[in-house]
Amino acid sequence: TEIYTLSLHDALPISGVMVQVVWLDAGPGRAGRLVVAGHHLVVDGVSWRVLVADLAQACAVGMAGEVPVVEPAAVSFRGWSQYLAAQAADPARVAELPAWQQILDGREPLIGGRALDPARDTAGSVRRVPVVVPAGQVAALVSGLPGMFHCTVADVLLAGLAAAVAAWRAEQGEQGEPGGPVLVDVEGHGRDAGGDLDVSRTVGWFTSVHPVRLDPGPVDVAAGELLKAVKEQVRAVPGDGLGFGLLRHLNPDTGPVLAGLAGPQIGFNYLGHFPAGEGGWRMGGESDPAMPVAHALEAGALVRDQPDGPELTSWLAFPRHLLDKAAAEGLATAWATALTRLAVHATDPAAGGHTPSDFPLLTLDQDEIEEFEATVTKTRGASQ
């Protein structure tokens, strides 16, 4: 029996090897396995969806005796990179700098009591704790509330996270009063800012990371008010959010300015909504254990469709030398509690409503919007 091995660490930029493909032959009459490994520099989560779909289709077509035909990408990754470089020098992007400086202005208590140590706080030291939300409440979080409040699933998760961190910090003794702003790096897939460029089938590492300053308000703020406030704070970032990375990393004039400001200690990444079943294809990944972590806390989540409804998988990851497991579990519980409170709010007949960002062509504050909504509700009730 021959055994084939594949080391992800062999696919490194220093060796020029970015992708490796290995066929694991299980022998006569048994299904083999195709292993495809790619470095993160050339592939991201959305790219894997493109590749897996193409591989599955090619496999099915090939087994039928036909020649697979792959739909080409409309824009190359090189073309996308050139577009970003030009954007970084665009006066409209440069004009975003003061707003990004304002978001990063201010200090927060250090999570764990110290700054990250790149020698100790590495990927190999990261531990993860789950954030468990009752299954019966997930639908409200991923479909009910977003529809009622005209927001995204990420907005809902961030609202719960902001409230949880503020309360957790007070319990940990990191600040005197409950509440207070929470600075978070929000990661996205980075494919929304291409203007007329269609990168839906382009394979590469597309990403965007930008800071948001979230103020959940008092610890006892109503769930609806919390979600509306956080939604507006998320929408308050300049433009599409991609400008922060452009100005930080691709503009030699603005880069040092942003590099001199303290970044968020918390990272957040909503990986998206995945349909049921993968057709026999599976995706996975790993990080170099020696790679320094970017944040003291990483909050992540994804949604998978299941026969009995959507399933929310969420977690907190942290370097074990910085934060002890009990403290991380306390924050995980606080996040789950905040999300549960939001889900319960979805059952309130009066829940929902718009916020100022829903009306970009008008200048309205939240009180005016709610007054209009109350008038409409009253008028409808009188006509029934």
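Residues numbered from 1 in each chain as written. Predicted model: local features only at pLDDT ≥ 70, side-chain atom pairs only at ≥ 80, totals over all residues. Heavy atoms only, no water.

J.: An account of a nonpolar patch on the surface is needed here, citing residue identities and associated values.
T.: Judged by side-chain polarity, Val19, Val21, Trp23 and Leu34 come together as a nonpolar surface patch covering roughly 380 Å² of accessible area. Among the elements that line the nonpolar patch, the one with the most residues is strand 1 (residues 19-24), at three residues. Counting through the fold element by element, Leu34 comes out in strand 2 (residues 33-38). In this structure Leu34 comes out as partly exposed when scored by relative accessible area, which is 32%. (Patch = residues over 30% accessible without salt bridge, like charges linked within 9 Å, V, L, I, M, F, W, Y side chains within 5 Å. Areas by Shrake-Rupley, 256 points an atom, 1.4 Å probe, with all protein chains shown as cover. Salt bridge = Lys/Arg side-chain N within 4 Å of Asp/Glu carboxyl O. Helix = DSSP H or I, 4+ residues; strand = E, 2+ residues; numbered from the N terminus. Buried < 20%, exposed > 50% of the residue type's maximum accessible area, 1.4 Å probe, protein only.)

J.: Kindly report on the pattern of salt bridges, identifying the contributing residues and their values.
T.: In this structure the tally under the stated criterion is 10 salt bridges. Salt-bridge contacts for Lys325 lead to Glu329; the nearest nitrogen and oxygen are separated by 3.9 Å. Placement of the pair is Lys325 and Glu329 together in helix 10 (residues 325-345), with a separation of four residues, close to one helical turn. You can call Lys325 exposed: its relative accessible area is 53%. Each of Arg93, Glu96 and Asp240 takes part in salt bridges that share partners, so that together they form one network.

J.: Describe in detail the packing of aromatic side chains, supporting the description with residues and values.
T.: Here the structure, examined in full by the defined rule, presents four aromatic pairs. Look at Trp80 and Tyr83: their rings are 5.6 Å apart centre to centre, the planes differ by 25°, and that puts the pair in the stacked class. Of the two residues, Trp80 and Tyr83 both sit in helix 2 (residues 77-88), three residues apart, roughly one turn of that helix. Assessed through its relative accessible area of 3%, Trp80 is described here as buried. Tyr83 sits in the partly exposed class, given a relative accessible area of 22%. Ring geometry for Trp80 and Phe206: centres 5.3 Å apart, planes at 45°, overall tilted. (Phe/Tyr/Trp six-rings, centres within 6.5 Å; stacked < 30°, edge-to-face > 60°.)

J.: Describe the nonpolar core, listing the residues and the values that go with them.
T.: Grouped together as the largest cluster of nonpolar side chains are 68 residues, with contacts concentrated most on Leu141, Leu157, Leu158, Val184, Phe268, Trp335 and Leu342. A total of 13 residues in this core trace back to one element, the largest contributor, which is helix 6 (residues 153-172). With near-sequence residues (within four places) excluded, Leu158 lies in contact with Val184, Val186, Leu214, Val230, Val234 and Phe268. Within the second largest apolar cluster, eight residues are counted, among which are Val75, Leu84, Ala88 and Val199. (Core = buried A, V, L, I, M, F, W, Y, C linked by side-chain atoms within 4.5 Å. Contact = heavy atoms within 4.5 Å.)

J.: Can you lay out a negative patch on the surface for me, pointing to particular residues and giving the numbers?
T.: The grouping of Asp365, Asp367, Glu368 and Glu371 at the surface amounts to a negative patch. By the secondary structure assignment, Asp365 is in the loop between helix 10 and helix 11 (366-383). (Lys, Arg positive; Asp, Glu negative; His and termini not counted. Charge placed at Lys NZ, Arg CZ, Asp CG, Glu CD.)

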